[in-house]
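Next come the chains, spelled out residue by residue.
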Amino acid sequence: MAGAKDLTMQTSEGPRIKLAPSILSADFARLGEAVAQATQAGADYIHVDIMDGRFVPPITFGAQMVGALRRWTDLPLDVHLMVQEPERQIPLFAEAGASILTVHAEACTHLHRVIGQIKELGVKAGVTLNPGTPIAAVEEVLADVDLVLVMSVNPGYGGQRFIPASLEKLRRMRRLMAERGS
């Protein structure tokens with residue numbers, strides 16, 4: 001197992017992009033081995049997609065799986081909560097070893113409160129935007145989050161066709177964050 005590392009470096013275009021492979025397409029019977037392999041290959045984070053069968057149709061993992069995966073790597077676990085009422089699950093995932101908890105703006109009635117809840121547990125907070133959700137949905141919380149995930153497909157299923165308009169949305173988000181010093 002490799003230790004956690006901060007590989008952020010400035011380039012002429014801004015901070016270096018970090019690699020966060022998703023375990024969603026891994027063999028579920030060998031998830032720990034897949035995480036160890038991604039760690040040894042130089043990943044910066046491990047991305048774990050959590051789906052509840054309500055916010056998106058599929059069901060994937062729960063907090064117990066995150067706890068099990070934590071034993072396979074020292075890398076940050078980037079836990080993407082595609083769930084209804086994420087505030088009910090946040091303490092469980094924080095306790096299980098999530099390093100980053102990212103919630104969907106669309107799933108949070110009180111987004112600012114949910115971000116505060118994540119931060120109070122000592123975990124980095126992220127917010128996700130579905131392809132059809134405008135950037136304005138997160139403008140008021142940009143100073144409070146550690147990351148913004150701009151989806152380039154609709155959440156819930158792998159192997160979908162990339163939505164080209166996501167690139168311009170990402171550029172606008174990056175400009176907005178730079179303007180605000182986020």
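For clarity, every value in this text was computed on a predicted model and none was experimentally measured. Residue positions within a chain follow its written sequence, with the count starting from 1. Given that the model is predicted, a residue must reach a pLDDT of at least 70 before its local features are reported, and side-chain atom pairs must reach 80 or more before they are shown or counted; all residues, however, enter totals for whole chains, interfaces and linings. Hydrogens and water molecules were not included; the side-chain quantities draw on all heavy atoms of the structure.

Digging into the layout of surface pockets
Using a 1 Å grid laid over the protein atoms alone, points where a 1.4 Å probe fits but cannot get out form a cavity; open sets with protein on both sides within 12 Å along at least 5 of 7 lines form a pocket; any residue with an atom within 4 Å of a point counts as lining. Grid points are joined across faces, edges and corners, and a volume is the space filled by probe spheres set on the points. There is about 160 Å³ of room inside the second largest pocket. I50, M51, D52, R54, F61, G62, V83, Q84, E85, R88, Q89 and F93 are the residues that line the second largest pocket. Looking at the lining of the second largest pocket, its residues break down into 5 nonpolar, 3 polar and 4 charged. Throughout, the ten residues Ala, Val, Leu, Ile, Met, Phe, Trp, Tyr, Cys and Pro are labelled nonpolar, Asp, Glu, Lys and Arg are labelled charged, and all others, Gly among them, are labelled polar.

Some points on the environment of Q84
Mapped onto the secondary structure, Q84 falls in the loop between strand 4 (77-82) and helix 3 (90-96). Taking the relative accessible area as the measure of exposure, Q84 reaches 30% and is therefore partly exposed. Remark: the alpha-carbon pair of Q84 and H104, spanning 20 residues in sequence, is separated by 8.9 Å. Discounting residues that sit within four places of it in the chain, Q84 has contacts with D52, R54, F55 and A107. Helix and strand assignments come from DSSP, with helices taken as H or I runs of at least 4 residues and strands as E runs of at least 2, each series counted from the N terminus. Here's how the labels work: a residue is buried when its accessible area is under 20% of the maximum for its type, exposed when over 50%, partly exposed in between, all with a 1.4 Å probe on protein chains only. Note on contacts: a residue pair is in contact if any heavy atoms of the two residues lie within 4.5 Å.

Observations concerning the confidence of the model for the chain
Predictor confidence is given residue by residue as pLDDT, running from a minimum of 0 to a maximum of 100. Overall, the prediction assigns the chain a mean pLDDT of 90, with 92% of residues at 70 or greater. Under a pLDDT of 50 for its full length, residues 1-11 has, in the predicted model, 25 contacts with residues more than four places off or in other chains.

So, the side chain of H104
Along the chain, the position of H104 falls in strand 5 (residues 100-104). Ignoring anything within four residues of it in the chain, the contact list for H104 reads F55, H80, L81, M82, T128, N130, M151 and P155.

Details of the pairing of strand 6 (residues 124-129)
Burial analysis of strand 6 places 5 of its 6 residues in the buried class, which makes it a mostly covered element. Whether two strands pair comes down to DSSP finding at least two bridges between them. The pairing of strand 5 with strand 6 spans 5 bridges and is classified as parallel. Bridge pairing in strand 6 places V103 opposite V127. With respect to chirality, the unit in which strand 5 leads through helix 4 (residues 111-120) into the neighbouring parallel strand 6 is right-handed. In the sheet, strand 6 pairs with strand 7 (residues 147-150) via 4 bridges, with the strands oriented parallel. Bridged to L129 within strand 7 is V150. The definition of a right-handed crossover adopted here requires that, viewed with the strands pointing away, the path from the first strand over the helix to the second runs clockwise.

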